Amino acid sequence: MTAWQPCPYVADYRFDVGRVRALWPALHAVDAEPLPESDALWHAWALFHSGRFEQAADAGLAVGLAGWSVANRATAAHAALVEPHESARVELFKRIHARAVTHTALQPHQANAWYWQGYALAHYAQGIHVARALAQGLGAQVRTALEATLALAPGHAYAHVALGGFHAAVIDKVGPLVGAITYGARTDAALAHVAEARRLAPNSPAVLVECAHTLERLGGDERLAEAARLQEQAAQLPARDAVERLWVEVARTEL
């Protein structure tokens, strides 16, 4: 695969290890990531928050297993927010999934190993179309991985976002009755995960935008109006790092 395209906001967000340490609780309210245990890992996260995603992924992988979370988050940010080509995005999500499957096998008590497995598989499913993915049994794997994440880390806002999105995507494709009977997807569960994600990370543009997408899939005038409000709120948030800036720009574009 060719070199990744650069994040357009790298020059605006320059993180060093000290700045990442100072802002860690705010920056990681979304992913329940434990504090890094080595200078090399702190450095990898500084690269990530600066928007230097390819370098962050390489630095994380160089650390070893402890760096796979930052490598996966950097790869995911690039795939979802920077990479313009669908085929390349799908390949990146497959790469994340493969690493995460190995990670859960080696460290089954690591919440983010399960999260990246579920997240990447869900995005891969979107790339090949949700109905086809459900027919291949991928839906059950996504749900299992995300529920395992929340069993280990109930305060994982991104996992709540992703699991709520899973319920909504299934209902959107097969309807509420088939979704509930065949895949265990329920509207009330989607809404509960949206509410919890917003409670855990109310100032995260990524959380607000993705919750808006879930409400849009569920439909209904009240939910669509609430989705629009969430998009407006996300578009007005001050971005704390390059990743949040990308999400703020997504919200502004979608408005």
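Within each chain, residue numbers correspond to sequence positions counted from 1 in written order. A pLDDT threshold of at least 70 governs which residues receive local features in this predicted model, and a stricter bar of 80 or more applies before side-chain atom pairs are shown or counted, although totals over entire chains, interfaces and linings include all residues. To obtain the side-chain values, all non-hydrogen atoms of the structure were used and water was disregarded.

(A) Region of interest: helix α3 (residues 53-63). Among all positions in α3, only F53, A56, A57, A59 and G60 are buried. Down the axis of α3, the buried set is contained in an arc of 165 degrees. They therefore lie on one face. Where α3 is buried, its residues contact α2 (39-49), α4 (68-81) and α14 (242-254). Buried residues are those whose accessible area, probed at 1.4 Å on protein chains only, stays under 20% of the maximum for their type, while exposed residues exceed 50% and partly exposed ones sit between those limits. Helix numbers and strand numbers start at the N terminus; a helix is a DSSP run of H or I with at least 4 residues, a strand a run of E with at least 2. Arc, as used here, means the arc of the directions from the helix axis to the C-beta atoms. Only heavy atoms enter the contact rule, under which two residues are in contact if any of them lie within 4.5 Å.

(B) Region of the structure containing the packing of helix α9 (residues 157-174) against helix α10 (residues 176-183). To obtain an axis, a line is fitted to C-alpha atoms, over the contacting stretch when the element is a helix, and the angle between two such axes runs from 0 to 180 degrees between their N-to-C directions. Two numbers describe how α9 lies on α10: the axes approach to 7 Å, and their chain directions differ by 125 degrees. Between α9 and α10, the interaxial angle falls into the category oblique. When you trace α9 past α10, the crossing you get is right-handed. Between α9 and α10, the residues in contact are F166, V170, I171 and V174 and P176, V178, G179 and Y183, respectively. Residue classes follow a fixed rule: Ala, Val, Leu, Ile, Met, Phe, Trp, Tyr, Cys and Pro count as nonpolar, while Asp, Glu, Lys and Arg count as charged, and any other residue, Gly among them, counts as polar. Counted by class, the contact of α9 with α10 contains seven nonpolar, one polar and no charged residues. To sort the angles, those under 35 degrees are grouped as roughly parallel, those over 145 as roughly antiparallel, those from 65 to 115 as roughly perpendicular, and the leftovers as oblique. With the far helix as reference, a near helix turned anticlockwise by less than a right angle produces a left-handed crossing, and one turned clockwise produces a right-handed crossing.

(C) View of the side chain of E33. Looking at where E33 falls in the secondary structure, it is placed in the loop between α1 (17-27) and α2. R73 provides the closest opposite charge to the buried, unpaired E33, separated from it by 7.1 Å. Polar contacts, as used here, are pairs of N or O atoms within 3.5 Å; protein pairs need one atom able to donate a hydrogen and one able to accept it. Residues neighboring in sequence count only if both atoms are side-chain atoms. A polar contact of 2.7 Å, which involves the side chain of E33, links it to the side chain of N112. Once you skip the residues sitting within four places of it in the chain, E33 turns out to touch W24, H28, W45, S69 and N112. As used throughout, the charge tally considers Lys and Arg to be positive and Asp and Glu to be negative, leaving His and the chain termini uncounted. A pairing counts as a salt bridge when a side-chain nitrogen of Lys or Arg comes within 4 Å of a carboxyl oxygen of Asp or Glu.

(D) Representation of the packing of aromatic side chains in the model. Between the rings of Phe, Tyr and Trp (Trp by its six-membered ring), a pair exists once the centres lie within 6.5 Å; its type follows the angle of the planes, with under 30 degrees stacked, over 60 edge-to-face, and the other angles tilted. Applying the stated rule across the entire model yields nine aromatic pairs. A centroid spacing of 5.6 Å and a plane angle of 90 degrees characterise the contact between W24 and W45, whose relative ring orientation is edge-to-face. With W24 in helix α1 and W45 in helix α2, this pair connects stretches of sequence that are 21 residues apart. Looking at W24, the relative accessible area reads 6%, which means it is buried. Counting every residue linked through ring pairs, the aromatic cluster contains W24, W42, W45, F48 and F53. Stacked on the ring of F15, the Lys or Arg R19 has its end atom at 4.1 Å from the ring centre. Either the NZ atom of lysine or the CZ atom of arginine qualifies as a charge over a ring when it sits within 6 Å of the ring centre and within 35 degrees of the ring normal.

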